[in-house]
Amino acid sequence: VQDELRASDGRFMGLFRNNPASTLVQRVATREVIDEHDAFVRTFGHPRVQLIGHPPPPLWADPADQLTFRAVLQTEGRIHGMRAKGLRLNGSVFEALVYSELVAEGADQLVITMVLDVSAEAVSRRALEHSEERFSKAFNFSPLGMTITRLRDGRFMEVNPSNERVLGYTQADFMNKTA
């Protein structure tokens, strides 16, 4: 049994230390940080010595995110994919995705929180949305009749409104037809 327990602890520590998400473990009663890993230090910028044995510094740029975090954790016992604004030690803000769960460890109740920095994805998503918006405007407001067809069978996928003026065909006339 002791060997199985040591093996289980070893697997847990391996998962904890190698998890790409910034992970923090706290006692619920005191909010004291009892463990963290390097990704947390890298993401938030707080040295380990400032974390272990102390309540965490402010981690959220928006106080409403902190209130939501606490309320959901208290009522549901876990958080799965909450969007928030993380706050680094240097004051910079980043887009975050938060996962957290209450767990019992003996008489203690712990909260394990994982934070993913999704800033790069958020920037990419906004750039894609902006690009799609520009394309849509150029396509739909062009004075030239334009169509987008599927290469493999020539089926019309998109038709701009100018086709009715240029060719006399409405957008509905093109639907479910091929070039």
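You'll find the structure just up there.
Engineer: A description of the overall build of the protein chain should follow, citing residues and the corresponding values.
Structural biologist: A tally of helices and strands in the protein chain yields seven helices and seven strands. In the protein chain, the order of α-helices and β-strands from amino to carboxyl end is α-β-β-α-α-α-β-β-β-α-β-β-α-α. By principal-axis analysis of the C-alpha atoms, the protein chain measures approximately 80 × 40 × 30 Å. Across the 179 residues in the protein chain, those meeting the buried criterion constitute 28%. Long-range contacts, defined as pairs at least 24 residues apart, comprise 30% of the intrachain contacts of the protein chain with a sequence gap of at least 6. As displayed, the protein chain offers around 11700 Å² of accessible surface, 56% of which is attributable to carbon and sulfur atoms. On the protein chain, the mean spot of the 21 positive side-chain charges and the mean spot of the 23 negative ones are 5 Å from each other.

Engineer: Go over helix 4 (residues 63-76), please, and point to the residues and values.
Structural biologist: Since the α-helix turns once every 3.6 residues, residues separated by three or four places project in the same direction. With 14 residues, helix 4 should cover 20 Å at 1.5 Å per step; its first-to-last C-alpha distance of 20 Å lies within 8% of that length. Of the residues making up helix 4, those classed as buried are D65, Q66, F69 and L73. Projected down its long axis, helix 4 shows its buried positions confined to an angular sector of 100°, all on one face. Opposite its buried face, helix 4 presents the exposed residues P63, L67, Q74 and T75, each directed more than 90 degrees away. On its buried face, helix 4 sits against strand 3 (78-87), strand 4 (93-105) and strand 5 (108-117). Residue G77 follows helix 4 closely and has a positive phi angle near 80°.

Engineer: With reference to specific residues and values, describe the pattern of salt bridges.
Structural biologist: Oppositely charged side chains can pair when the atoms bearing their charge come close. Enumeration according to the criterion identifies ten salt bridges in this entry. Taking the shortest distance from any N to any O, the salt bridge between R27 and E32 comes out at 3.2 Å. In this structure R27 comes out as partly exposed when scored by relative accessible area, which is 27%. When the shortest N-O distance is used, the salt bridge between E133 and K137 registers 3.1 Å. On the criterion of helical spacing, the pair formed by E133 and K137 is a turn pair, its members being four residues apart in helix 5 (residues 119-140). Judged by relative accessible area, which is 43%, E133 ranks as partly exposed.

Engineer: Explain the nonpolar core to me, and be specific about the residues and the numbers.
Structural biologist: Judged by nonpolar contacts, the single largest core of 17 residues is most densely connected at W60, F69, V98 and V115. Taken together, the elements giving at least two residues each to this core come down to helix 2 (38-44), helix 4, strand 3, strand 4 and strand 5. When neighbours within four sequence positions are excluded, V98 is seen to be in contact with W60, F69, I79, H80, G81, M82, A84, T113, M114 and V115.

Criteria and thresholds
Residues numbered from 1 in each chain as written. Predicted model: local features only at pLDDT ≥ 70, side-chain atom pairs only at ≥ 80, totals over all residues. Heavy atoms only, no water. Helix = DSSP H or I, 4+ residues; strand = E, 2+ residues; numbered from the N terminus. Buried < 20%, exposed > 50% of the residue type's maximum accessible area, 1.4 Å probe, protein only. Contact = heavy atoms within 4.5 Å. Areas by Shrake-Rupley, 256 points an atom, 1.4 Å probe, with all protein chains shown as cover. Lys, Arg positive; Asp, Glu negative; His and termini not counted. Charge placed at Lys NZ, Arg CZ, Asp CG, Glu CD. Expected span 1.5 Å × (residues − 1). Arc of directions from axis to C-beta. Salt bridge = Lys/Arg side-chain N within 4 Å of Asp/Glu carboxyl O. Core = buried A, V, L, I, M, F, W, Y, C linked by side-chain atoms within 4.5 Å.

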